[in-house]
Amino acid sequence: MTVSASSQTQSTQALIGFDPQGEMPSNEVLLKMYTLMLTLRFWDERSLKLQRSGRISFCVTTKGEEATQVGTVAALRATDWVFPAYRQPGIPLWRGANLESLAHQIFGSAKDVSLGHQMPNHYSFHHLYYASVSSVIGTQIVHASGAALAAQAKGTDDVAVTYFGDGSTSANDFHSALTVAGAKKAPALFFCVNNHYAISLHVSQQTGAKYLADKGVGYGVKALRVDGNDVLAVYQTTLAMAERARRGEGPALLELVTYRLNPHSSSDDDARYRLKGEMDGWIDKDPIPRFEAFLLEKGVLSLPQVDALKIQVEADVLEATKIAQETPLPDWQTLIEGVYAEIPATLQADLDDLLAHEQGLSLPHPGAFPL
Ligand SMILES: Cc1ncc(C[n+]2csc(CCOP(=O)(O)OP(=O)(O)O)c2C)c(N)n1
């Protein structure tokens, strides 16, 4: 028997775009989607400025990837569990978290739900069915398969979803999660946000697969490639795959093809590895102006409304971060609380030691810096 080399590497994944005949959100929802995309953009800008001026320690942004968050969450139920990576702040915001709670988290203020124990941008919104962010690449993918199996066992028609990057498809957890979900037809949606980079590693060096979506095929998981910069294409495909999963027809892997327009994080210098000229084409595909043009053309929004919205959203972001910056930090004692039922004497002794030193250190409170 002879096997041709081409048949082994062949891919059937066409890029899915917006279908004008497909399911459309109401005008009210379209406006909410656009407003959230703008909010995310201003949130990124503000976070980076806060980090660069030393007011917060670190940040990851989602510039360019707004449609992957907003298009997916708009198509889900508010009670579908989400297991995020660190680039999905749009999910809790869509589900009703306010900007202030995100701001408290990045400052690690006394009003942060994790009291500064997590890195900035590593949010937890359990009441919004949004699990804590883990920095460890890929761990959340298995959690989604587990939650999907739980929904299946309970006989509900909930789906569980997870987000991860192109680099995360090389993690062991990707394999484990898709293996079990495929075998058990678990109602899970796997959103692979292909932003083309895993820090400095371009996706072309990450895998020999032609497309990341192709990886789903081997697990018996429905696999699709979607234009991740077209919020309506993302919305329509997510809706269709969620309905399919709710009917018991199994999981789906959606490769959302997009591009990271900022460095990996505030600790990264992307000038050292970006391919020359690569960014330009992607700036032209920026999901926000694209969606804005659509809404203007359809008469959902007018130009004066767009301008007013931008001013309002920017002001809201500024106000939220101002409040968080002026909020005291958590009490030092909280450093050692919340893990042990009874705090070990050695830990308390360490903290007492730290407090004794702190008297002489005069650490600046982030709120001491002017905005
Ligand atoms: C298990 C593990 N290995 C390595 C790292 C270091 N690390 C942090 S982010 C990252 C790249 C992740 O890339 P990708 O999954 O494509 O997501 P993106 O950051 O592009 O959204 C790596 C390797 C980590 N956090 N966890």
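Residues numbered from 1 in each chain as written. Predicted model: local features only at pLDDT ≥ 70, side-chain atom pairs only at ≥ 80, totals over all residues. Heavy atoms only, no water.

Some details on the overall build of the protein chain
The helix and strand inventory of the protein chain stands at 14 helices and 8 strands. A compact globule built from 371 residues should have a C-alpha radius of gyration of about 21 Å, and the protein chain, at 22 Å, falls within 12% of that. Counting only C-alpha atoms and orienting by the principal axes, one finds that the protein chain spans roughly 75 × 55 × 45 Å. Residue pairs at least 24 apart in sequence account for 76% of intrachain contacts in the protein chain once pairs closer than 6 positions are excluded. Of the roughly 17300 Å² of accessible surface on the protein chain, 55% is carried by carbon and sulfur atoms. In the protein chain, 30 side chains carry a positive charge and 41 a negative one; their mean positions are 7 Å apart. (Helix = DSSP H or I, 4+ residues; strand = E, 2+ residues; numbered from the N terminus. Rg over C-alpha atoms; globule rule 2.2 N^0.38 Å. Contact = heavy atoms within 4.5 Å. Areas by Shrake-Rupley, 256 points an atom, 1.4 Å probe, with all protein chains shown as cover. Lys, Arg positive; Asp, Glu negative; His and termini not counted. Charge placed at Lys NZ, Arg CZ, Asp CG, Glu CD.)

So, helix 2 (residues 27-52)
Count 3.6 residues to each turn of an α-helix, and residues three or four apart come out pointing the same way. The first and last C-alpha atoms of helix 2 sit 38 Å apart over 26 residues, in line with the 38 Å expected at 1.5 Å per residue. The positive-phi residue at the C-terminal boundary of helix 2 is Gly54, with phi of around 80°. (Expected span 1.5 Å × (residues − 1).)

A short note on the domain arrangement of the protein chain
What the domain assignment lists for the protein chain is domain 1 (20-265 + 278-325) and domain 2 (336-365). Here the C-alpha centroids of domain 1 and domain 2 sit 37 Å apart. (Domains from an automatic or database assignment.)

Some thoughts on the pairing of strand 7 (residues 222-227)
Here strand 7 lies mainly inside the structure; 5 of its 6 residues are buried. Examined bridge by bridge, strand 1 (residues 15-16) and strand 7 share 2 bridges and lie parallel to one another. Bridging from a neighbouring strand, Leu15 pairs with Arg225 of strand 7. Pairing geometry for strand 7 and strand 8 (residues 252-257), over 6 bridges, is parallel. (Buried < 20%, exposed > 50% of the residue type's maximum accessible area, 1.4 Å probe, protein only. Pairing = 2+ DSSP bridges.)

Comments concerning the packing of helix 6 (residues 139-154) against helix 7 (residues 172-184)
Running from N to C, helix 6 and helix 7 cross one another at 20°; their axes reach a closest spacing of 7 Å. One way to sum up the angle between helix 6 and helix 7 is to call them roughly parallel. Handedness of the crossing formed by helix 6 with helix 7: left-handed. Only Asp173, Phe174, Ser176, Ala177, Leu178, Val180, Ala181 and Lys184 of helix 7 make contact with helix 6, whose side of the interface consists of Thr139, Ile141, Val142, Ser145, Leu149 and Gln152. A per-class count over the contact of helix 6 with helix 7 returns 8 nonpolar, 4 polar and 2 charged. (Axes fitted to C-alpha atoms, helices over the stretch in contact; angles between N-to-C directions. Parallel < 35°, antiparallel > 145°, perpendicular 65-115°, else oblique. Left-handed = near helix turned anticlockwise from the far one by under 90°. Nonpolar A, V, L, I, M, F, W, Y, C, P; charged D, E, K, R; others polar.)

Brief notes about the pairing of strand 4 (residues 188-194)
With 7 of 7 residues buried, strand 4 is to be regarded as a mostly interior element. Here strand 4 shows two buried faces, one formed by Ala188, Phe190, Cys192 and Asn194 and the other by Leu189, Phe191 and Val193. Of the strand pairs in this sheet, strand 3 (residues 160-165) and strand 4 are connected by 6 bridges, and their pairing is parallel. Each residue of the ladder has a partner; that of Gly165, found in strand 4, is Val193. You can see the chain leave strand 3, run along helix 7 and come back into strand 4, and the turn it takes is right-handed. Two elements, strand 4 and strand 8, share 6 bridges in a ladder whose sense is parallel. (Right-handed = clockwise from strand over helix to strand, strands pointing away.)

Side note on the sheet that holds strand 2 (residues 81-83)
Strand order in the open sheet formed by 6 strands is 1-7-8-4-3-2, with parallel pairing between adjacent strands. Lying at the two open borders of the sheet, with one neighbouring strand each, are strand 1 and strand 2. Helix-sheet contacts for helix 7 involve strand 3, strand 4 and strand 8, and the interaxial angle to strand 4 is about 145°. Helix-sheet contacts for helix 10 (residues 231-246) involve strand 1, strand 4, strand 7 and strand 8, and the interaxial angle to strand 7 is about 165°.

Let's talk about the side chain of Arg87
Mapped onto the elements, Arg87 comes out in the loop between strand 2 and helix 4 (90-94). Despite its burial, Arg87 pairs with no opposite charge; the closest candidate is Glu65, at 4.2 Å N-O. Within the local environment of Arg87, its side chain forms a polar contact with the backbone oxygen of Thr61, the two atoms lying 2.9 Å apart. For Arg87, the side chain forms a polar contact with the side chain of His264, separated by 3.0 Å. (Salt bridge = Lys/Arg side-chain N within 4 Å of Asp/Glu carboxyl O. Polar contact = N/O pair within 3.5 Å; in protein donor to acceptor, adjacent residues only side chain to side chain.)

With respect to the environment of Arg87
With a relative accessible area of 6%, Arg87 lands in the buried category. As a C-alpha pair, Arg87 and Gly228 span 141 residues in sequence and 14 Å in three-dimensional space. Among all residues touching Arg87, those that are not within four sequence positions of it are Val60, Thr61, Thr62, Glu65, Gln69, Asn195, Arg260 and His264.

Concerning the site of the ligand
Around the ligand, the structure places 14 residues, and the nearest of them are Tyr86, Arg87, Gly167, Ser168 and Tyr197. Within the contact set of the ligand, an oxygen atom lies 2.8 Å away from a side-chain nitrogen or oxygen of Arg87. Classifying every residue of the shell around the ligand gives 6 nonpolar, 6 polar and 2 charged. (Near = heavy atom within 4 Å.)

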